[in-house]
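Structural features, examined
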Amino acid sequence: MIEIDDYTGWVFETLHRLPEPGLQEFETARFLAGELERFGYEVTSGVGETGIVATMESGVAGPVLGVRADMDALPFEVGGKIEHIHACGHDANCTMVLAAARAVAARGIARGKLKIIFQPAEETFLGARQMVASRLLDDLEELVGIHLRPAQELGFGRAVAAVYHAAAYRIRALVKGRPAHSAKPHLGINTIDAAALAVNAVNALRLDPLVPHSAKATTIRSLGTAHNIIPDRTEVVFDLRAQRNETMDELIQKVKNAVTGSVGTLGAEVEMEDIGGVPAAVYDPQIIATAEAAIAEVLGEADAPIINPGSEDFHVFTLTYGLKSAYLGIGADLKPGLHDPQMSFDHQALHHGRQILEKVVAKRLGQAG
């Protein structure tokens, strides 16, 4: 049998050569499912299209604990073609979870139930919701996630029990006006002008400065038909971020009010569409304490939690089910940063993550025998 450290390296190299976009992680899922079946898990594939849920039962009452990793890669233009690259480290996340699942299977669990979850389409905010819709995770009570962290956040040999991601939300606004000959602009309603007012109105919004947040236009596109016609339609997409869910709720409403009111001053109308989002992190003190104890046993001590303005659809699971959860961050000397096609990291960090996950599972579910 391959030694656990050799196995971890082999899994990473295999997954790194299988970069696939969200909801198309077919080869990735096939490999992961095959390994989990070999370890003795009850495996369900095709969850939320390409996701995997692998279950180990103890037969004894206890918590239902999930351990989750994301599978998808990111698209980049290389030599004029779109290529997918594991530039966010999802291959590493899957490696740590699969290697931990192997070690846990060798020892078994003493109580409760373990669910190993490989989730598709994290980058597009689709995967978690589609897995929730499958109803295969309805019995979850606790959930642990894991992700490599960039060097700017966390050095090699360090780890945190909680990465506090922000909520993210996107709103598409279609501004509608009236066309006219550009020589007679007074006869039309110029939706570019109206969209500009909307952008400025959103930029002028003010919320509690003690809670990190932002709202800004990230796409603006006139749908006019010719350069000498006043455009009667313009599309604007707004990206919203907030460190707390209640702040996000307030921000969404204020953005919609600002857009509606501002375009109305020119006589334009607007149709708004919510095009997706994910909630901010909400964690459980007990699970965080468990993860911190596991980190201390592997690395000596846990670092302080990280506040991160990025988003993660891991938190869809937590808020949908009301789970007790934690999200581990693993230092890996990762440079130059996540979502950079040249991203690299110290592969020894994979062993740290695997060992920490093993200990978290043992602390929550025990070991058989």
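Our subject is the structure listed above.
**Examining the layout of surface pockets**
- Of the pockets and cavities examined, the largest pocket occupies roughly 280 Å³.
- The wall of the largest pocket is formed by 16 residues, among which E122, E123, G310, S311 and H339 lie closest to the centre.
- Grouping the constituent residues of the lining of the largest pocket by class yields four nonpolar, six polar and six charged.

**Observations concerning the packing of aromatic side chains**
- Inspection of the entire model under this criterion finds six aromatic pairs.
- Taken together, a centroid distance of 6.0 Å and an interplanar angle of 65° make the contact between Y7 and F39 edge-to-face. Here Y7, found in helix α1 (residues 4-16), pairs with F39, found in helix α2 (residues 26-39); they are 32 residues apart in sequence, far enough to count as distant. Of the two residues, Y7 and F39, neither departs from the other in class, the shared state being buried.
- Taken together, the ring pairs in this structure connect Y7, W10, F31 and F39 into an aromatic cluster.
- Sitting over the face of the ring of Y7, R102 holds its NZ or CZ atom 4.5 Å from the ring centroid.

**A word on the sheet that holds strand β15 (residues 324-334)**
- As summarised here, the arrangement of the seven strands in space is β1-β2-β6-β3-β7-β15-β8, forming an open sheet in which the pairing is mixed. One side of each edge strand has no neighbouring strand; the edge strands of this open sheet are β1 (42-47) and β8 (159-160).
- Direction of pairing for strand β3 (residues 64-70) relative to strand β7 (residues 142-150): parallel, over a ladder of four bridges. The residue of β7 that forms the bridge with G66 is L143.
- Lying on the sheet, helix α9 (residues 349-365) is in contact with β3, β6 (113-119), β7, β8 and β15; it crosses β15 at an angle near 160°.

**Some remarks on helix α6 (residues 245-264)**
- In a regular helix each residue adds 1.5 Å, so 20 residues correspond to 28 Å; α6 covers 29 Å between its end C-alpha atoms and thus fits that length.
- Among all positions of α6, only N245, T247, M248, L251, I252, V255, A258, V259, S262 and V263 are buried. Taken around the axis of α6, the buried residues stretch over an arc of 140°, which confines them to a single face. In α6, the exposed positions that point more than 90 degrees away from the buried face belong to E246 and D249.

**Observations concerning the side chain of T191**
- Assignment of secondary structure puts T191 in helix α5 (residues 191-203).
- Of note is the side chain of T191, whose polar atom sits 3.0 Å from the backbone oxygen of P231.
- For T191, the contacting residues outside a window of four places in its chain are V175, K176, G177, P231, D232, R233 and T234.

**With respect to the packing of helix α7 (residues 285-299) against α9**
- Put simply, α7 and α9 touch, their axes get as near as 9 Å, and they point 130° apart. The angle between α7 and α9 falls in the class oblique. The two elements α7 and α9 cross, and the hand of that crossing is right-handed. Along its contact with α7, which presents Q286, I287, T290, A291, A293, A294, I295, E297, V298 and L299, the element α9 presents H352, Q355, I356, K359, V360, K363 and R364.

**A word on the environment of E25**
- Relative to the assigned elements, E25 resides in the loop between α1 and α2.
- Its relative accessible area of 0% is what places E25 among the buried residues.
- Taking the C-alpha atoms as reference points, E25 and H227, 202 residues apart in sequence, are found 43 Å from one another.
- Dropping the residues within four chain positions of it, E25 is found in contact with E20, T50, M71, D72, P120 and A121.

**Concerning empty space enclosed by the protein**
- Scanning the entire structure with this criterion turns up two cavities of 30 Å³ or more.
- Put simply, the largest cavity is a space of about 50 Å³.
- Lining the largest cavity, in full, are V104, R107, G108, I109, E358, V361, A362, G366 and Q367.
- Taken together, the elements giving at least two residues each to the lining of the largest cavity come down to α3 (90-107) and α9.

**A closer look at unusual backbone geometry**
- With an omega dihedral of -10°, the bond running from K335 to P336 counts as a cis peptide bond.
- The residue P336 is located in the loop between β15 and α9 in this model.
- Its identity is not glycine, yet E49 carries a phi of approximately 85°, on the positive side.
- Summarising the element assignment, E49 is placed in the loop between β1 and β2 (51-57).
- The phi torsion at D333 lies on the positive side, around 55°, for a residue other than glycine.
- Tracing the chain through its elements places D333 in strand β15.

Reading guide: rules and limits
- Residues numbered from 1 in each chain as written.
- Predicted model: local features only at pLDDT ≥ 70, side-chain atom pairs only at ≥ 80, totals over all residues.
- Heavy atoms only, no water.
- 1 Å grid on protein atoms, 1.4 Å probe; cavity = no way out; pocket = protein on both sides within 12 Å on 5 of 7 lines; lining within 4 Å.
- Points joined across faces, edges and corners; volume = space filled by probe spheres on them.
- Nonpolar A, V, L, I, M, F, W, Y, C, P; charged D, E, K, R; others polar.
- Phe/Tyr/Trp six-rings, centres within 6.5 Å; stacked < 30°, edge-to-face > 60°.
- Helix = DSSP H or I, 4+ residues; strand = E, 2+ residues; numbered from the N terminus.
- Buried < 20%, exposed > 50% of the residue type's maximum accessible area, 1.4 Å probe, protein only.
- Lys NZ or Arg CZ within 6 Å of the ring centre and 35° of its normal.
- Pairing = 2+ DSSP bridges.
- Contact = heavy atoms within 4.5 Å.
- Axes fitted to C-alpha atoms, helices over the stretch in contact; angles between N-to-C directions.
- Expected span 1.5 Å × (residues − 1).
- Arc of directions from axis to C-beta.
- Polar contact = N/O pair within 3.5 Å; in protein donor to acceptor, adjacent residues only side chain to side chain.
- Parallel < 35°, antiparallel > 145°, perpendicular 65-115°, else oblique.
- Left-handed = near helix turned anticlockwise from the far one by under 90°.

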